[in-house]
Structure formats: C-alpha cells, structure tokens
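# Structural overview for review
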Amino acid sequence: MRDHARVVIVGAGVGGASIAFHLAEAGCTDIVVLDRAEPTSGSTFHSAGLVGQLRGSLPLTRMMMHSVDVYRRLEATSPQTGRSPGWREVGSLRLASTPERLDELRRQNGWAKTFGLPMELVSPSEAHELFPLMDPTGVLGAAWLPTDGYLDPSGLTHALLGAAKAKGVTVEARVRVTDLVVERGRIRRVVTDHGDIVAETVVAACGMYTPQVAALAGVNVPIVPMAHQYLITRDIDGVTDDLPQLRDPDNLVYFRREGRGLLLGGYERDPAPWSVDGVPDDFNTRLLPEDWDRFAPLMTLACQRVPVAEEADVVQLVNGPEGFTPDNEFVLGESDVAGFFVAAGFCAHGIAGAGGVGRVMAEWILDGEPGFDTWKMDIRRFGPAYRSRDHAVARTVEVYATYYDIHYPNEERRAGRPLRRSPAYAALVQLGCEFGEKSGWERPNWFRPNEVAGDESVRPRGWAGEHWSPAIGVEALACRDTVALFDETSFSKLEVTGAGAARFLSRICANHVDRDIGSVTYTQLLNDRGGIECDLTVTRLADDRFLLVTGTAFGNHDLAWIHKQQASLPEGDACAARDVTAAWSCLGLWGPAARELLQPLTRTSLANEAFPYLTARSLSVGAVPVVAVRVTFVGELGWELYCPTEYGATLWDQLWSAGDAHGLVAGGYRAIDALRVEKGYRVWGVDITPEENPYEAGLGFAVQLDKPGGFVGRDALAEAKERGPSRRLRCLVLDDPLAVPLGSEPVRVDGDIVGRVTSGNQGYRVERAIAFAYLPADRAGLGRRVDVEVFGQWIGGEVVKDPVYDPAGTRVRA
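We now turn to the structure provided with this report. Here the residue numbering is sequential within each chain, running from 1 through the sequence in written order. Local features in a predicted model are, by the rule used here, given only for residues with pLDDT of at least 70; side-chain atom pairs are given and counted only at 80 or more, and totals for whole chains, interfaces and linings are based on all residues. In computing side-chain properties, one takes all heavy atoms of the structure into account and sets aside hydrogens as well as water.

## Comments concerning the overall build of the chain
Counting from the N terminus, the helices are the DSSP runs of H or I reaching at least four residues and the strands are the DSSP runs of E reaching at least two. Looking only at helices and strands, one finds 17 helices and 37 strands in the chain. Only the C-alpha atoms count toward the radius of gyration. The rule for a globule is 2.2 Å times the residue count to the power 0.38. For 814 residues, the compact-globule estimate of 2.2 N^0.38 gives 28 Å, and the chain sits close to it at 27 Å. Considering only C-alpha atoms, the chain reaches an extent of 80 × 60 × 50 Å along its principal axes. Here the chain holds 814 residues, and 60% of them are scored as buried. Contact between two residues is taken to exist if any of their heavy atoms lie within 4.5 Å; hydrogens are not considered. Intrachain contacts of the chain at a sequence separation of at least 6 include 72% that bridge at least 24 residues. For the area figures, the Shrake-Rupley method with a 1.4 Å probe applies, and any residue is considered shielded solely by the protein chains shown. Taken as a whole, the chain presents about 29500 Å² of accessible surface, with 48% of it coming from carbon and sulfur. The convention is simple: Lys and Arg are positive, Asp and Glu are negative, and His and the chain ends are not counted. For this purpose, a charge sits on NZ of Lys, CZ of Arg, CG of Asp or CD of Glu. Of the side chains in the chain, 83 bear a positive and 108 a negative charge, and the two mean positions are spaced by 4 Å. Note on classification: 1.4 Å probe, protein chains only; a residue is buried when its accessible area is under 20% of the maximum for its type, exposed when over 50%, partly exposed between these limits.

## Some thoughts on the sheet that holds strand 36 (residues 785-790)
Taken together, six strands build a closed barrel; the order of strands is 32-35-34-33-36-37 and the barrel is antiparallel. Going from strand to strand, the sheet's axes swing by 40 degrees on average, the running direction of each strand aside. The pairing criterion for strands is at least two bridges between them, as found by DSSP. Judged from the four bridges that link them, strand 32 (residues 727-734) and strand 37 (residues 793-800) form a sheet pairing that is antiparallel. Residue Leu-732 lies in a different strand from strand 37, and its bridge partner there is Val-799. For helices, the fitted line uses only the C-alpha atoms of the stretch in contact; every axis is such a line through C-alpha atoms, and the angle between N-to-C directions lies from 0 to 180 degrees.

## Notes on the packing of helix 11 (residues 471-481) against helix 16 (residues 669-679)
Helix packing geometry: the angle between the two helix axes and the distance between the axes. Following both chains from N to C, one finds helix 11 and helix 16 inclined at 55 degrees, their axes separated by 8 Å at the closest point. Classified by the interaxial angle, the pair formed by helix 11 and helix 16 is oblique. Judged by the sense of rotation from one axis to the other, the crossing of helix 11 with helix 16 is right-handed. Together, Ile-472, Glu-475, Ala-476, Cys-479 and Arg-480 of helix 11 and Arg-670, Ala-671, Leu-675 and Glu-678 of helix 16 make up the contact between the two elements. Its residues placed into classes, the contact of helix 11 with helix 16 shows five nonpolar, no polar and four charged. With respect to orientation, any angle under 35 degrees is reported as roughly parallel, any angle over 145 as roughly antiparallel, any angle of 65 to 115 as roughly perpendicular, and every other angle as oblique. Put simply, a crossing is left-handed when the front helix is turned counterclockwise from the back one by less than a right angle, and right-handed when it is turned clockwise. All residues other than Ala, Val, Leu, Ile, Met, Phe, Trp, Tyr, Cys, Pro, Asp, Glu, Lys and Arg, Gly among them, are scored as polar; the first ten of these are nonpolar and the last four charged.

## A closer look at the pairing of strand 12 (residues 224-233)
Extensive coverage of strand 12 is indicated by the burial of 10 of its 10 residues. Because side chains alternate across strand 12, one face comprises the buried residues Val-224, Met-226, His-228, Tyr-230 and Ile-232, and the other comprises Pro-225, Ala-227, Gln-229, Leu-231 and Thr-233, equally buried. Of the strand pairs in this sheet, strand 12 and strand 16 (residues 314-324) are connected by 10 bridges, and their pairing is antiparallel. Its bridge partner being in strand 16, His-228 is matched across the sheet by Gly-320. As paired elements, strand 12 and strand 15 (residues 261-266) share three bridges and run antiparallel to each other.

## Describing helix 3 (residues 99-115)
Taking 1.5 Å of rise per residue, 17 residues should cover 24 Å, and helix 3 covers 24 Å from first to last C-alpha, within 8% of that figure. Of all 17 residues making up helix 3, 12 are buried, and the element is well covered by its neighbours. For helix 3, the complete set of buried residues consists of Arg-101, Leu-102, Glu-104, Leu-105, Arg-107, Gln-108, Asn-109, Gly-110, Trp-111, Ala-112, Thr-114 and Phe-115. In this scheme, a helix's expected span is set at 1.5 Å multiplied by one less than its residue total.

## Brief notes about the packing of aromatic side chains
Side-chain rings of Phe, Tyr and Trp (the six-membered ring for Trp) are treated as a pair once their centres are within 6.5 Å; stacked means planes under 30 degrees apart, edge-to-face means over 60, and tilted covers the remaining angles. A complete count under the given rule lists 24 aromatic pairs for this structure. Among the aromatic residues, those joined into a cluster by ring pairs are Tyr-254, Tyr-267, Phe-324, Tyr-400, Tyr-403 and Tyr-404. Any Lys NZ or Arg CZ found within 6 Å of a ring centre and within 35 degrees of that ring's normal is scored as a charge over the ring. Sitting over the face of the ring of Tyr-425, Arg-421 holds its NZ or CZ atom 5.3 Å from the ring centroid. In this structure, Arg-727 is placed above the aromatic ring of Tyr-774, and the distance from its NZ or CZ to the ring centre is 4.5 Å.

## Here we look at the state of the cysteines
What counts as a disulfide here is a pair of cysteine sulfur atoms lying within 2.5 Å. Across all of its chains, the model carries zero disulfides by this definition. Sulfur of Cys-433: no disulfide; nearest cysteine sulfur belongs to Cys-586 and is 16 Å away. Looking at Cys-575, it has no disulfide partner, and the nearest cysteine sulfur is the one in Cys-509, 11 Å off. Note on Cys-575: relative accessible area 16%, which makes it buried.

## Looking at the pattern of salt bridges
The rule for a salt bridge is simple: a side-chain nitrogen of Lys or Arg has to be within 4 Å of a carboxyl oxygen of Asp or Glu. Considering all chains together, one arrives at 49 salt bridges under this definition. Arg-72 is paired through a salt bridge with Asp-69; the nearest N and O atoms lie 3.3 Å apart. One end of the pair, Arg-72, and the other, Asp-69, are both in helix 2 (residues 58-81), three residues apart, so they sit about a helical turn from each other. Taking relative accessible area as the criterion, Asp-69 reaches 41% and is therefore assigned partly exposed. In this structure, Asp-750 and Arg-784 form a salt bridge, with 2.4 Å as the shortest nitrogen-oxygen distance. Of this pair, Asp-750 sits in the loop between strand 33 (746-749) and strand 34 (752-763) while Arg-784 sits in the loop between strand 35 (768-776) and strand 36, and the two are 34 residues apart along the sequence. The network of salt bridges with shared partners includes Arg-480, Glu-636, Glu-678 and Arg-811.

## Points about the sheet that holds strand 16
Here we have eight strands laid out as an open sheet, ordered 5-6-4-13-14-15-12-16, and mixed in their pairing. In this open sheet, the two edge strands, each paired with only one partner strand, are strand 5 (120-122) and strand 16. Each strand of the sheet is rotated relative to its neighbour by a mean of 25 degrees, with strand direction disregarded. One ladder, built from three bridges, connects strand 5 with strand 6 (residues 141-145); its direction is antiparallel. Looking across to strand 6, one finds that Leu-121 is bridged to Ala-143. Along the sheet, helix 3 makes contact with strand 4 (92-96), strand 5 and strand 6, crossing strand 4 at roughly 140 degrees. Where helix 7 (residues 292-305) meets the sheet, it contacts strand 4, strand 12, strand 13 (245-248), strand 14 (253-258), strand 15 and strand 16, and its direction lies at approximately 50 degrees from that of strand 12.

## So, the side chain of Thr-615
Within the element layout of this structure, Thr-615 appears in the loop between helix 14 (594-598) and strand 28 (616-621). Reaching out from Thr-615, the side chain makes a polar contact with the backbone oxygen of Pro-612 at a distance of 2.5 Å. Apart from residues lying up to four places away in sequence, Thr-615 is in contact with Gly-518, Val-520, Ala-628, Val-629 and Arg-630. Polar contact criterion, stated in full: a pair of N or O atoms within 3.5 Å, where within protein one must be able to donate a hydrogen and the other to accept it, and residues adjacent in sequence count only if both atoms are side-chain atoms.

## Some points on the nonpolar core
Judged by nonpolar contacts, the single largest core of 82 residues is most densely connected at Val-8, Phe-131, Leu-180, Val-202 and Phe-340. Broken down by element, this core gets its largest block of residues, six residues, from strand 12. Here, nonpolar core means buried Ala, Val, Leu, Ile, Met, Phe, Trp, Tyr and Cys residues that are tied together by side-chain atoms lying within 4.5 Å of each other. Counting 48 residues, the second largest nonpolar core, distinct from the first, contains Val-33, Leu-151, Met-361 and Phe-372.

## Overview of the side chain of Ser-744
Tracing the chain through its elements places Ser-744 in the loop between strand 32 and strand 33. On the accessibility criterion, Ser-744 (13% relative accessible area) is buried. Beyond its immediate stretch of four places on either side in the chain, Ser-744 contacts Gly-110, Trp-111, Thr-114, Arg-756 and Val-757.

What follows is the structure in structure tokens.
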C-alpha cells in the first residue's frame with residue numbers, strides 16, 4: 001500500500017466517493033480512499049435512495065441541485081463507462097393534509113422561486129393523477145418538483161469511485177485505520193493495519209463510524225446512529241416506471257418505486273438510537289433485526305395513504321442504522337486539528353446531498369474555504385456540551401422524532417435543557433421569563449408579566465405570529481422610551497493577548513483596531529475573496545489585551561477562524577487567542593434613561609464628554625468590578641456591562657433594584673431582534689455571510705482599505721470596490737404591517753423575482769414590517785417599489801433608506 005498521499009479519505013461510502021470524485025475532477029489525484037470493509041458497507045448500501053432538492057437554506061439547496069447535476073451526468077455517460085447510478089428523474093410530491101402544512105408548502109414554494117427550482121403547487125386531484133395509487137382523502141394540496149428523483153446508492157458510489165480511479169485515485173478496501181498521528185496541532189500520518197500513510201490532509205467520511213475515527217485525532221464529532229426502517233413490497237399493479245416519489249409528512253411516511261413494487265418508510269415518534277458508544281468493529285454490510293412493533297404505526301399510516309400497500313406481499317423490512325446529528329444537519333469542514341476534515345452525519349439525506357458534499361469539501365481542501373456559506377453544516381457549530389454522549393443522544397432523538405413536523409420560526413427545542421445558565425438565571429425565573437435556548441444557553445425570549453401591557457392587535461399574521469408574544473413589543477418600546485435590562489451573558493467572548501496582539505488583529509480585521517486603550521471598534525474578518533467570515537466588536541483593554549465579542553452561536557467558528565490565521569503569523573506577531581465566555585457575565589442596559597439609572601451606582605462619570613460612544617472603561621457598579629462598554633445592538637444610549645461571572649447575580653440585582661424610579665423593564669432577545677432590525681444592524685449567517693463583502697452589505701464604513709500593512713482579503717475587497725457592487729443589501733418596508741417576512745421570501749421588482757429576504761421583523765416604533773434583501777444594484781434605488789411574497793400573497797413595499805429608525809445615530813451618542 002502507498003505510504004504517502006496528499007489526501008487520505010477514510011470511508012468509501014457515498015460521501016467519501018463523492019469527495020474523491022470532485023477532488024479528481026479539480027486535478028487533485030494524489031488520493032488514497034480507505035475502507036475498513038468494502039465500499040458502501042456502512043450505511044450507503046441500505047439507504048432508501050431518495051433525492052429531494054428543496055431544503056430550508058439556499059446553500060443546502062444548492063448542494064442538492066449540484067447533486068442532481070452530477071447524477072444526470074453520471075447516468076448520461078454510463079453507456080460508455082459501464083457504471084450507472086440508476087438515476088430516475090421522476091419528480092416528487094409532498095402532500096399537505098392540514099391548513100398549517102399547506103401554509104408550509106406555500107412558504108417552500110416561495111423559497112423554490114428564489115432558488116431556481118421548478119416547483120409548483122398542485123390540487124389534490126392533480127396530485128392523484130401524478131400518483132394514482134394514493135387515496136387523496138384529506139389532502140388539501142401538494143407541492144410538485146419534477147426534477148427530484150431516486151437512484152441506486154451502491155450504483156452511485158461505484159460510479160463515483162470508478163470515475164475517480166480512472167483519473168488516478170487509489171481505493172483500498174479492507175484496510176482499518178488504527179491511529180491518527182497529530183503533531184503540533186496538524187494531522188501528519190494515518191496508521192493502518194496495512195502500514196502508515198503520511199498525508200497532508202485526512203478526511204473522515206465514514207458515516208456513523210466517524211466519531212470513533214475522529215477521536216483518534218482528538219476530535220469530537222456528535223453523530224448518533226439511529227435505526228431507520230423502510231419496507232419493500234413485491235409487485236403491485238399500477239406501479240409504473242414514471243411513478244414519482246411521494247412524501248406525506250402529516251402521516252410521517254414516504255414512498256417510491258422499487259422494481260414493480262413500492263419502498264415505503266418514515267420517521268416514527270419513538271425512535272431507536274443504536275450503539276451510541278461506538279459501532280462494533282465487525283458491523284459491516286449488516287442490518288439490524290426487523291422491528292415490526294416499532295414500524296407498525298408507520299405501516300398503518302402508509303396504508304391509509306396508499307391502500308394497495310396493505311395487501312402487498314412483503315419482500316423485506318430493512319432496519320439499518322444511519323448517522324444523525326443533534327440538529328439534523330451535515331457535519332462538514334476542517335476541525336481544530338489542521339488538515340483533519342470531517343464529512344459525515346448525513347441524517348438520511350446523504351444520497352440527496354452527496355454530490356454537493358463532494359463539491360464543497362473539495363473546495364474546502366484545495367482552496368482553504370468552501371465556495372459558499374456552509375455555516376449551518378460546519379463542524380465548528382457544536383460546542384463542548386456535545387462531548388457528552390447523553391446530551392448528543394437526547395438532542396438527536398428529538399430531531400429524529402420531529403423530522404416531519406412543521407418547524408415554525410423561533411421554535412424552541414426542549415431536549416437537553418436547561419444546560420448553561422447565567423448568574424442571573426434565578427432572578428429571571430422569578431420575573432416570569434420565557435426562556436429560549438442557543439448553544440446550550442438559557443436565554444430570555446420575553447417576560448410573561450409584560451404581556452399585560454401588550455397589544456394583541458399587532459400579532460403578525462401566519463407563521464410570524466407563532467411563538468410570539470405581545471410582551472416583545474412592550475420590551476422593545478420600553479427600550480426606546482425609558483430603559484430596559486437584558487441578560488447577554490451568552491454572547492461569545494474571545495480574548496486575544498500578547499505582545500503581537502495588536503499587529504495580528506490589524507492583519508485580520510478590515511477596520512482599524514490598533515487604537516487607544518479603551519477604544520471599541522466594529523469590524524469584519526474577511527476571507528481571501530473579501531467575504532465576511534466574522535462580524536464582531538474589538539475592545540482594547542490594554543496594550544497587549546483585546547476583548548472580541550460575537551454572537552452566541554459563533555464563538556467556536558470565530559475562534560477557529562482566528563486560530564487558522566495564527567498558523568501563518570510572521571515572527572514577532574505571536575499572540576494567544578482563547579474563549580473567555582464563561583469567565584464574564586454581561587448585562588445590556590439601554591434606553592434614554594440608562595445614564596440616569598446607572599450614574600448613581602458608580603463614581604465614574606458617565607457624561608457624554610467623559611465616556612463617549614464606542615469607548616470602554618473599568619469602573620465599579622456598587623461593589624461589582626465592571627468593564628463598561630458603550631456600544632449597542634438596539635440603537636439606544638447605554639452600555640454592555642461585563643463583570644466576572646461570580647458577580648453577575650449581584651450586578652443584576654443592583655441594577656434591577658435601582659430601576660423602579662426610571663421605568664426599568666426586563667427585556668428578551670426577541671425584543672433585541674426587533675430593535676436591531678429597525679436600526680439596520682446586520683446578523684452574521686443571515687444578512688451577511690462568507691459570500692458577501694462589506695460593500696454589498698452596506699458595511700463599507702467599517703473598512704479601512706488604506707491602513708498600513710493591509711489585511712486578509714484586502715486586495716479582493718479593493719477590486720470589488722473598484723468594480724462596484726452588483727447587488728446591495730437593502731431595507732424594505734412593507735405596506736402591510738402585519739405581513740412580517742421571516743427569511744427566504746421572494747422579492748419581486750417590476751414583475752421579476754430578483755432576490756430573497758435575508759431577515760425581517762416588526763418595527764414597533766415605526767409600526768411597519770421591515771425586511772432586508774439583496775437586490776441587483778440597478779434595481780436597488782431608494783423609493784423603488786417591490787413586492788414580497790408572504791405565504792403565497794404578494795405584499796407591496798418600498799426600498800427605503802437604512803436605518804428606518806434614528807438614521808443620524810443621535811440617540812446612541814446622546
């Protein structure tokens with residue numbers, strides 16, 4: 001066996017095969033693919049083979065669409081290659097049997113318009129014509145996507161591997177990886193039972209076996225094997241070559257043609273995790289025992305929808321384990337160990353996504369970053385809590401059991417809670433807090449007692465009115481009119497220290513951060529293309545110490561990005577970067593009365609001249625040592641108050657006790673989001689991503705192109721500025737204040753769909769529904785009329801100057 005390769009891929013299932021195929025197509029053929037048994041012997045061989053393209057995000061949908069392009073190409077060339085993936089482009093139907101599900105289909109149909117998918121909504125009778133075997137009783141409508149289909153998973157894998165081998169890729173079966181050698185934070189060598197391979201890059205693409213392989217490199221991958229079942233029947237009259245696949249989510253089941261019979265399966269409410277502490281060494285090309293008791297409820301529902309299935313002879317009940325993740329998304333990307341990548345956790349839609357996974361991973365390996373935003377699939381999204389198998393299993397079981405549920409925006413998960421609690425948690429409970437959760441943190445969504453003063457008449461229509469409370473408006477307006485107190489302890493806090501800290505941050509930040517001690521700078525960290533990788537504030541606490549504050553869910557991502565940049569530090573710029581989130585409690589005090597409330601509690605002057613906007617001071621609030629940072633994410637006068645965690649409860653109590661005379665209201669994150677939309681503040685991962693540059697996003701004010709020494713992405717950004725943006729992030733105000741966009745809704749200008757909503761919310765002060773969307777530069781002029789499709793209804797609106805609230809910024813500088 002070879003003893004050196006540029007890339008070693010562990011796992012010859014569909015994921016590993018696709019990565020090898022795409023690397024080879026890109027010209028990288030110095031690759032060894034290893035499998036501990038035979039190709040497809042893990043989960044691939046028993047996959048149901050369904051390929052559905054429409055997903056909840058543009059990047060994932062693009063991956064699925066790329067998959068279909070690859071499968072078409074492989075099928076078209078199969079007469080010459082002799083390797084067919086068995087691709088059958090028969091289309092798919094998704095049924096709706098409740099008004100709520102029909103709303104979901106309308107929303108998905110809107111997404112499809114912006115993604116370039118030819119989806120259409122059809123009537124129950126039209127759905128019945130497409131799938132004559134079904135009983136349309138109770139069906140209210142369906143979504144039809146003619147470019148979906150199904151294939152043979154093993155055939156696909158061998159077609160991909162065959163094409164890769166034809167270009168020079170080596171595939172080695174029955175080779176078991178026994179160790180991974182890591183030196184100075186980088187993967188160096190793969191140890192197998194057939195010898196060692198020195199490698200620059202190693203990819204763990206071994207499905208449910210991935211956690212065990214990754215652990216050899218010290219990397220945690222939270223994947224849980226779940227027993228997934230489907231049934232295959234013998235021949236059934238009426239099963240034709242062009243019978244589409246059918247999903248009936250209200251009945252938890254799916255169908256497709258298998259020979260002249262049917263394959264039918266689903267997602268039961270009582271799922272069965274399997275072998276959660278590690279897959280047995282000899283579990284290759286094997287299935288689990290048939291579990292008829294667990295499948296029986298699904299079978300009953302399936303027969304209600306397709307009655308002929310009840311009398312059909314059964315060939316087999318397939319019970320095979322598949323790797324699922326705690327959030328039902330792929331696990332992709334480079335780990336904390338440089339050069340060690342993961343591509344696994346396909347959650348039963350790996351066949352649909354395999355082509356796209358291969359493309360993304362090949363770009364990541366060869367170019368250092370994927371070609372588009374993959375944050376929701378990035379391995380870095382999982383924090384330390386997922387080192388606990390119990391926590392990972394609890395979260396994974398929940399997403400499996402609710403796989404076909406309607407998931408409304410702002411829905412809160414229940415499994416594994418509460419986990420991380422701020423020092424103010426007990427006080428928040430006493431105040432009637434309605435908690436949400438992010439990255440394991442219990443965070444205030446709103447406070448139930450505030451509902452009494454709320455206005456139920458402003459509840460948004462449709463989905464935006466789900467998981468909503470009139471307390472949100474009360475808290476938002478209190479922040480605008482008096483003062484509100486927010487627990488922001490969950491915000492991720494990173495510290496960069498050392499003699500070279502200032503030089504290093506100057507090199508990776510687009511804005512000028514090498515300022516005086518006590519300065520606060522809003523900035524982006526860019527990739528080589530000029531795309532936005534991180535969006536944060538940098539506070540200089542000392543000559544050699546900086547505090548970086550970013551979103552709750554982005555701490556792991558941003559720290560990993562910073563560590564990656566440190567790997568190429570020039571000599572003399574050495575510095576350390578670490579996560580200090582747990583060390584600091586943070587409370588946000590904002591509103592016109594914030595200064596009046598806080599000043600009596602400290603001897604430090606809070607006057608505007610002594611403590612201006614975007615500065616920080618060390619002071620005491622009562623007896624609590626605090627770093628007060630005059631910054632805001634709501635657009636009002638105020639401070640973020642950071643104190644050591646052990647003082648957090650006392651700080652909350654002191655501020656709350658002092659608030660009665662000033663009309664202090666406890667506020668939650670849902671109010672923060674409404675306030676930030678009014679003020680035009682962007683959210684990374686939604687409004688801004690690695691695919692957008694600051695000029696497109698309206699953040700050019702945070703870029704210093706001419707600062708000494710330049711910065712990462714500077715050249716690409718300079719070229720982009722010279723060209724001028726081809727699209728711009730614009731603020732849209734809708735004519736109907738109760739038609740609140742939630743994200744991904746189509747935006748139409750002059751009758752043409754030209755963009756999609758990135759985020760939206762109610763503006764409680766301006767009393768309008770507000771959305772952000774990227775529009776073509778030649779159609780993004782202020783005053784331009786637009787239409788936004790909200791659940792199938794086109795709502796008029798206008799492109800307006802951003803922000804709609806306090807555009808001069810006088811309130812934050814008051």
